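Chain by chain, the residues run as shown.
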Amino acid sequence: MAEPVKLDEQQSVFKKKAMELIPQGGNLDLCFTCGTCASGCPATGLHDMDPRKFLRMVLLGMDEEVQKTPWVWMCTMCQRCIKACPMSVDIPQLVYQARATWPRETRPTGILKSCDISANTPTWSAMGANQEDYQFVVEDVAEEVRSTHPGFEELQAPIDKEGAVFCLNQNSREPVTEPDEMIPLWKILHTVGADWTYPSSAWAGENYCMFLADDDAWRRMCEDVVKAVDGLGCKYWLNTE
Amino acid sequence: MYAQWIREGKLKVSSDWNKELGLKFTVQDPCQLVRKSLGDPVAEDLRFVVKAVVGEENFVDMYPNRSNNYCCGGGGGFLQAGYQEERRSFGKTKFDQIMATGADYCIAPCHNCHAQIHDISEHYEGNFPVVHLWTLIALSMGVLGPNEREYLGDDLKDVDVLEISEMEF
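Residues numbered from 1 in each chain as written. Chains lettered and ligands numbered in written order. Predicted model: local features only at pLDDT ≥ 70, side-chain atom pairs only at ≥ 80, totals over all residues.

A. Structural context of the overall build of chain A. Secondary structure summary: chain A contains twelve helices and three strands in total. Once the C-alpha set of chain A is aligned to its principal axes, its extents read approximately 75 × 35 × 30 Å. (Helix = DSSP H or I, 4+ residues; strand = E, 2+ residues; numbered from the N terminus.)

B. Highlighting helix α12 (residues 215-232) of chain A. If you check α12 of chain A, its first and last C-alpha atoms are 26 Å apart, about what 18 residues at 1.5 Å a residue would give, namely 26 Å. One or two steps after α12 of chain A, the chain reaches Gly233 of chain A, where phi turns positive at roughly 70 degrees. (Expected span 1.5 Å × (residues − 1).)

C. Focus on the interface of chain B and chain A. On the chain A side, the residues contacting the 44 residues of chain B number 39 residues. Of all the secondary structure elements, the ones that give two or more residues to the side of chain B that touches chain A are α2 (34-38), α4 (84-101) and α6 (133-140) of chain B. (Contact = placed C-beta atoms within 7 Å.)

D. Looking closely at the confidence of the model for chain B. Per-residue confidence for chain B averages 95 on the pLDDT scale, and 98% of its residues sit at or above 70. Overall fold confidence for the complex sits at a pTM of 0.94, while the interface term, ipTM, reaches 0.95. (pLDDT = per-residue confidence, 0-100.)

E. Focus on the sheet that holds strand β3 (residues 130-131) of chain B. Residue and element names in this part refer to chain B. Judged by pairing direction, the sheet is parallel, and its three strands sit side by side in the order β1-β2-β3 without closing on themselves. The sheet terminates laterally at β1 (25-27) and β3, the two strands that pair on one side only. Here strand β2 (residues 105-107) runs beside β3; their pairing, made up of two bridges, is parallel. Note on β3: the bridge partner recorded for Ile107 is Val131. (Pairing = 2+ DSSP bridges.)

F. Here's a closer look at the packing of helix α10 (residues 183-191) of chain A against α6 of chain B. Look at α10 of chain A against α6 of chain B: their axes get within 8 Å of each other, and the N-to-C directions meet at 55 degrees. If you check the angle between α10 of chain A and α6 of chain B, you find them oblique. Crossing of α10 of chain A over α6 of chain B shows left-handed handedness. Across the interface between the two elements, Pro184, Leu185, Lys187 and Ile188 of chain A from α10 of chain A touch Trp134, Thr135, Ile137 and Ala138 of chain B from α6 of chain B. (Axes fitted to C-alpha atoms, helices over the stretch in contact; angles between N-to-C directions. Parallel < 35°, antiparallel > 145°, perpendicular 65-115°, else oblique. Left-handed = near helix turned anticlockwise from the far one by under 90°.)

G. Structural view of the environment of Cys72 of chain B. All names here are of chain B. Secondary-structure assignment places Cys72 in the loop between α3 (40-54) and α4. As for Cys72 and Val130, which are separated by 58 residues in sequence, their C-alpha atoms are 13 Å apart. Setting aside residues up to four positions removed in sequence, Cys72 forms contacts with Gln28, Gly91, Lys94, Cys113, Gln116 and Ile117.

H. Representation of the sheet that holds strand β1 (residues 166-168) of chain A within the structure. Spatially, the three strands line up as an open sheet ordered β2-β1-β3 (chain A), and their pairing is parallel. Two strands close off the open sheet at either side, each with one partner strand: β2 (196-197) and β3 (236-238) of chain A.

I. Representation of the nonpolar core in the model. Counting residues in each nonpolar core, the largest one holds 117 residues, and the members touching the most others are Ile91 of chain A together with Val50, Cys106, Ile107 and Ile137 of chain B. Ignoring anything within four residues of it in the chain, the contact list for Ile137 of chain B reads Ile188 of chain A together with Tyr2, Leu11, Val13 and Val53 of chain B. (Core = buried A, V, L, I, M, F, W, Y, C linked by C-beta atoms within 7 Å. Buried ≥ 20, exposed ≤ 12 C-beta atoms within 10 Å, placed from the backbone.)

Next up, the structure:
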């Protein structure tokens, strides 16, 4: 049987730190313990954890357990718990802060590698696609469409077109593994006469550094996206499906 | 955007291709798009587009839905976190939700959702195809080529295929 938690021995360091970082302290102290969060969470029960239990453990100062449970990597931070919560307690931000307490090298390898790969290429592609390869694939596929798809002889898939209205991002999956899957969206944009462009840098739509809770890296990514969009003078940044 | 373009008459979509086929479609409300950013209005637009493309009578909603929809389990890095068994266990909620609609296809207008729902469809042997919305929009305009059908089931591989001319060298 588990030992009872002795409250007077708990420091609640994690809770204090998290409340300083989360807007409005995440309303953490307002929890009614009603369990609405846990009852509608698909991650409830994984590793004997659920949102309500996680929050209670934080509030009870069980810092060691809170910062050790792999459950923080199973919560997708989908925010359904906040939506359901009568007091809008921000459990997902708490999960994010708990992820950030893991020593970087101990965080899940898949996310870590994807973050590191993307942070090392100006495109921020987690699959490591560089600017030249990307440009080649996009131009090659666009040319094939122009020459063989009736009605799309004028189709364009511009890169770095200055002053375009829409700046479009692109998940790495298509250009790297299934380039033909880029075509339907291009056809739609062509049909409506949208003035759009891809940026040559920071076009990748994935953000693993955020999933990794690496604040510095994902801030740099966002800055690069803003730089690319502003640099081209685009009015909108379009995040694709 | 799609909804606006359809309303403005710029995107001439039609659900005629599905009149006789009568394939049923459900749609995943991406958490990122709906609950976390644009809310229920964009969920309504999403339904407007889907219905315009597959036919109103061929759309079946999941329950719960819109801002109240369950996350599929692909987000937040879960797909790359390595906890495969837990991820699929999380996804069972989504799988059951989709199966309850009786739909032949699930539309996933988000890359993470697409990859995750595709995986749980195979893993739990629901065997329903999971498609991007852009694929169906292009299909409904009659401009979807033969090589742009990676995620369509066999029943739609040959429907309204844009005829490709010989490659000129």
